[in-house]
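Given next are the chains, with one letter for each unit.
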Amino acid sequence: MNVSAANVTVVLQYRDSFTKAVVKNVIVVVLGISINYINVCLIHTFCKHQIFYMNPRYILFIHLVVNDMIVVTLTVILFLISYTLYRINVPVCCVFILVALFATENSPLNLACMAVECYIAICLPLHHVQICTVKRTLMLIGLIWTTSMFSVLPDLFITLATEPLDFFYSQVFCLRETVFRNPHIIKKRDITYIVYLVIVWFVIVYTYFRILFTAKTASKAAKKARNTILLHGFQVLLCMATYAEPLLKQALLQWFPKNYPDSLFACYIIVQVLPRSISPIIYGVRDKTFRKYLKRHLLCKVSTQ
């Protein structure tokens, strides 16, 4: 029995009690709604003010927020499905998994682009306006999505080419490993993740130290940018947790077979949900300009009620 089959077997064998299942689902739904509500407020604030939607830095930030919302929404839906329907049709599961993978792989690339934008703003301030334009930022976002699609879509093509037709009419416990189960896909995934992380970490470390040297003799803005890069690095660490999730699940299955559903739940909260709450903290709280307009929006909403 392979690892993915073992995962599903253990999950179905050790089903939670009704009370525990309700508690877990309530926690997930509350966290999902809370994070998405905050992100919706951020997006609304962004769209209402030209100072944000004409600024490449905030455009990249909102793109990150949108990806976070997609991941949170889809993972919450799949979590609820795992407790209610248990199994769903393979084509439906494929759509959920593909979109979630697109958004998940977009995040580290987006963070690397945000780090580069900070570097240009601090270390090349005279060229920032010429290099970082709205048009180029939108083209960069398009390139991020294209890169993620080239990374993920081969999984679908390999599955279409290797799986029997009956498989696509069957129902599965919806995980990436149960839909895209070809061994070549797993090898490709591992190689892709390693390449992604090497590139992103190189960009984060390089931009951090360049800004660090500039910050020693420069303004407060440079020091703030350095701290922002550090937070981006922390977000990348959380993204690494996503990439390490298959190995973590395998280890949890071996260490805690009887408590595997609880281990999976903790893994899901730490790896999939909590990282999506970091973006609002970085810009919704730390950034003075965004915080000012966000407060104004929230206060207006409260006053109208």
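Thresholds applied
Residues numbered from 1 in each chain as written. Predicted model: local features only at pLDDT ≥ 70, side-chain atom pairs only at ≥ 80, totals over all residues. Heavy atoms only, no water. Helix = DSSP H or I, 4+ residues; strand = E, 2+ residues; numbered from the N terminus. Buried < 20%, exposed > 50% of the residue type's maximum accessible area, 1.4 Å probe, protein only. Contact = heavy atoms within 4.5 Å. Areas by Shrake-Rupley, 256 points an atom, 1.4 Å probe, with all protein chains shown as cover. Expected span 1.5 Å × (residues − 1). Disulfide = S-S within 2.5 Å. Salt bridge = Lys/Arg side-chain N within 4 Å of Asp/Glu carboxyl O.

K.L.:
When you look at the overall build of the protein chain in this model, what are you seeing that I'm missing?
P.N.:
If you tally the helices and strands in the protein chain, you get 14 helices and 2 strands. Across the 305 residues in the protein chain, those meeting the buried criterion constitute 49%. Long-range contacts, defined as pairs at least 24 residues apart, comprise 80% of the intrachain contacts of the protein chain with a sequence gap of at least 6. Surface exposure of the protein chain reaches about 15800 Å², of which carbon and sulfur atoms provide 71%.

K.L.:
I would appreciate a short explanation of helix 2 (residues 18-48) in the present structure.
P.N.:
One turn of an α-helix holds 3.6 residues; hence residues three or four places apart share an orientation. Taking 1.5 Å of rise per residue, 31 residues should cover 45 Å, and helix 2 covers 44 Å from first to last C-alpha, within 8% of that figure. Turning to helix 2, its buried residues number three or more, namely Ala21, Lys24, Asn25, Val28, Gly32, Ile35, Asn36, Asn39, Cys41, Leu42, Thr45 and Phe46.

K.L.:
Mind showing me how you'd approach the state of the cysteines here?
P.N.:
Counted by the stated rule, this structure contains 1 disulfide. Between the sulfur of Cys93 and that of Cys174 lies a disulfide, 2.0 Å long from S to S. Around the S-S axis, the bridge from Cys93 to Cys174 shows a dihedral of about 95 degrees and counts as right-handed. One end of the pair, Cys93, is in helix 5 (residues 90-123); the other, Cys174, is in the loop between strand 2 (171-172) and helix 8 (176-179), and 81 residues separate them in sequence.

K.L.:
Which parts of the structure should I look at to understand the pattern of salt bridges?
P.N.:
Should the charged atoms of two oppositely charged side chains come close, the side chains can pair. One pass over the structure, following the stated rule, counts 5 salt bridges. Between Asp155 and Arg176 there is a salt bridge, with its nearest N and O atoms 2.9 Å apart. In this pair, Asp155 sits in helix 7 (residues 134-162) while Arg176 sits in helix 8, placing the two residues 21 residues apart along the sequence. Across this residue pair, the class does not change: Asp155 and Arg176 are buried.

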